[in-house]
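# Structural description and commentary
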Amino acid sequence: MVLTRRPSRVADDGGAWPDSGLIQPAAPEAAATAPPGPEAPTIAKFHAPEIIFGEGALAEAGHVAARLGARRPMLVTDAGLLATPWVDELVGHLRAAGLTPTVWSGLTPNPKDHEIAAGHERYLEAGCDVIMGLGGGSVIDAGKGIALLAANGGNILDFEGVDRSRQPIPPMVMIPSTAGTGADVSQFCIVTDTVQRTKITIIGRTLVPDVSVTDPRLLTTMPTWLAAATGLDALTHGIEAFVSRAHNLLTDHHALTSVALVNGNLVRSIDEPSERTPRLLMAQASLEAGLAFTNAILGAAHAMSHQVGGLLDLPHGVINGVLLPHVVRFNARAHPGRYVPIARALGLPADAMPPEEAGFAVADRVRALADAVGVPKCLGEIGVTAEHLPVLARTTLHDACLATNPRAADVADIEALFRAAL
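Note that the structure is a prediction, hence the values are computed from the model and not measured.

## Overview of the pairing of strand 6 (residues 172-176)
- A large share of strand 6 lies buried, amounting to 5 of its 5 residues.
- Covered by surrounding structure in strand 6 are Met172, Met174 and Pro176 together with Val173 and Ile175, the residues of both alternating faces.
- Pairing between strand 4 (residues 131-135) and strand 6: 5 bridges, direction parallel. Bridging from a neighbouring strand, Leu134 pairs with Ile175 of strand 6.
- Where strand 6 lies against strand 9 (residues 211-214), 2 bridges are found, and the strand directions are parallel. Within strand 9, the position partnered with Met174 by the bridge is Ser212.

## Observations regarding unusual backbone geometry
- One non-glycine residue with positive phi stands out, namely Asp163, at about 55°.
- The backbone phi angle of Arg197 is positive, close to 55°, even though this residue is not glycine.
- Within the secondary structure, Arg197 is located in the loop between strand 7 (188-193) and strand 8 (198-203).

## Quick word on helix 5 (residues 113-126)
- The end-to-end C-alpha distance of helix 5, which contains 14 residues, comes to 20 Å, matching closely the 20 Å that a straight helix rising 1.5 Å per residue would cover.
- The complete set of buried residues in helix 5 reads Asp113, Glu115, Ile116, Gly119, His120, Tyr123 and Ala126. Buried positions in helix 5, seen along its axis, are confined to an arc of 160° and lie on one side of it. The exposed residues of helix 5 that point more than 90 degrees off its buried face are Leu124 and Glu125.

## Some thoughts on the side chain of Lys199
- Among the secondary structure elements, Lys199 is positioned in strand 8.
- A distance of 2.7 Å separates the side chain of Lys199 from the side chain of Asn110, its partner in a polar contact.
- Beyond its immediate stretch of four places on either side in the chain, Lys199 contacts Asn110, Ile190, Val191, Thr192, His306, Gln307, Gly309, Gly310 and His316.

## Describing the sheet that holds strand 5 (residues 161-162)
- The strand order across the open sheet formed by 3 strands is 5-8-7, and the pairing between neighbours is mixed. Sheet topology places strand 5 and strand 7 at the edges, where each strand pairs with a single neighbour.
- Across 2 bridges, the pairing between strand 5 and strand 8 is parallel. Across the sheet, the residue bridging to Gly161 is Ile202, located in strand 8.
- Sheet contacts for helix 10 (residues 300-312): strand 7 and strand 8; angle to strand 8, the most-contacted strand, approximately 130°.

Calculation rules
Residues numbered from 1 in each chain as written. Predicted model: local features only at pLDDT ≥ 70, side-chain atom pairs only at ≥ 80, totals over all residues. Heavy atoms only, no water. Buried < 20%, exposed > 50% of the residue type's maximum accessible area, 1.4 Å probe, protein only. Helix = DSSP H or I, 4+ residues; strand = E, 2+ residues; numbered from the N terminus. Pairing = 2+ DSSP bridges. Expected span 1.5 Å × (residues − 1). Arc of directions from axis to C-beta. Polar contact = N/O pair within 3.5 Å; in protein donor to acceptor, adjacent residues only side chain to side chain. Contact = heavy atoms within 4.5 Å. Axes fitted to C-alpha atoms, helices over the stretch in contact; angles between N-to-C directions.

Here it is in structure tokens:
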């Protein structure tokens, strides 16, 4: 998909201090004083992998894999990454650590059930022992799917739902090449069911990778449209995690930090792709958002986005950028207080407006960011039609992410949201 940049009217006034890795303190303080969300749990359980973060971190991947017991690691990637320097560099690090990697790249965006089955066959043929993923969310999700099949056998669609894996899966090392999906730290695996033309959501603690390796150098080879899409995905993760029914004080901190970082650095990272600071802080934003949503789960924007992506095979982050403002307005009418700290993190004068107005201002700010990075304004621009809406609304109700949306929604509500975004 080609996104057309529009002139930016977004000021970079809510995120990073110039030339530093520090964020403005407003976001963490806001988390500490934020009103509780609906049915927020009183006991926090926080899942996270070992994290290696920083420029040059890719060099650590060989040692990491060897420490996990690898001898013949399987490196899952895609055609786009093969055209960059990163696959060859990683293979060199693996060989320097005495390992014999198998590279498999039989993937397309929004990984398909049959592609994961093919990857599993290659894993068995090569006698692999550790799964490594180098790429965006599609690559990392495919790696998780292959690991599930390596341990359990069967069809990847059998694992839809929560904690369906019956056996321990192979160790996993995930290396993101985009700044937004958070898949490298999450307990989610999203797979396209090619028969039903929808996406299934697989959730489980066993899917949290053993190690996440983030090297911001990898972001320099992202196409502009992908930087925009994945950045808006990170923003959606942060906002939906903060208002989720399953949020807690630990996830709140990471969620608001990610929102502030995206607000302050997404446009800069696209306008100045060779500049180190915006790239580094967008990598941090993705990581923070991932830590938030894997523990707090998500909401209606993701539940709806999964259905559009599965039906029409469209970029996930682009769909989120279109849907999120509509979902924010829907939720803010019932639970406006949770959007006040988000408004602060976005650099908005939240304390000078009623809570519901702050929620609507958040929706407007999200749309302004989407405009600034060239994301379409409506679903109709990316191929959704009115005829699709009843099916999309029905399948949304079965998505696990809808369960933690702060406001209950029935099929009529979801169809109305789709129609508003059309």
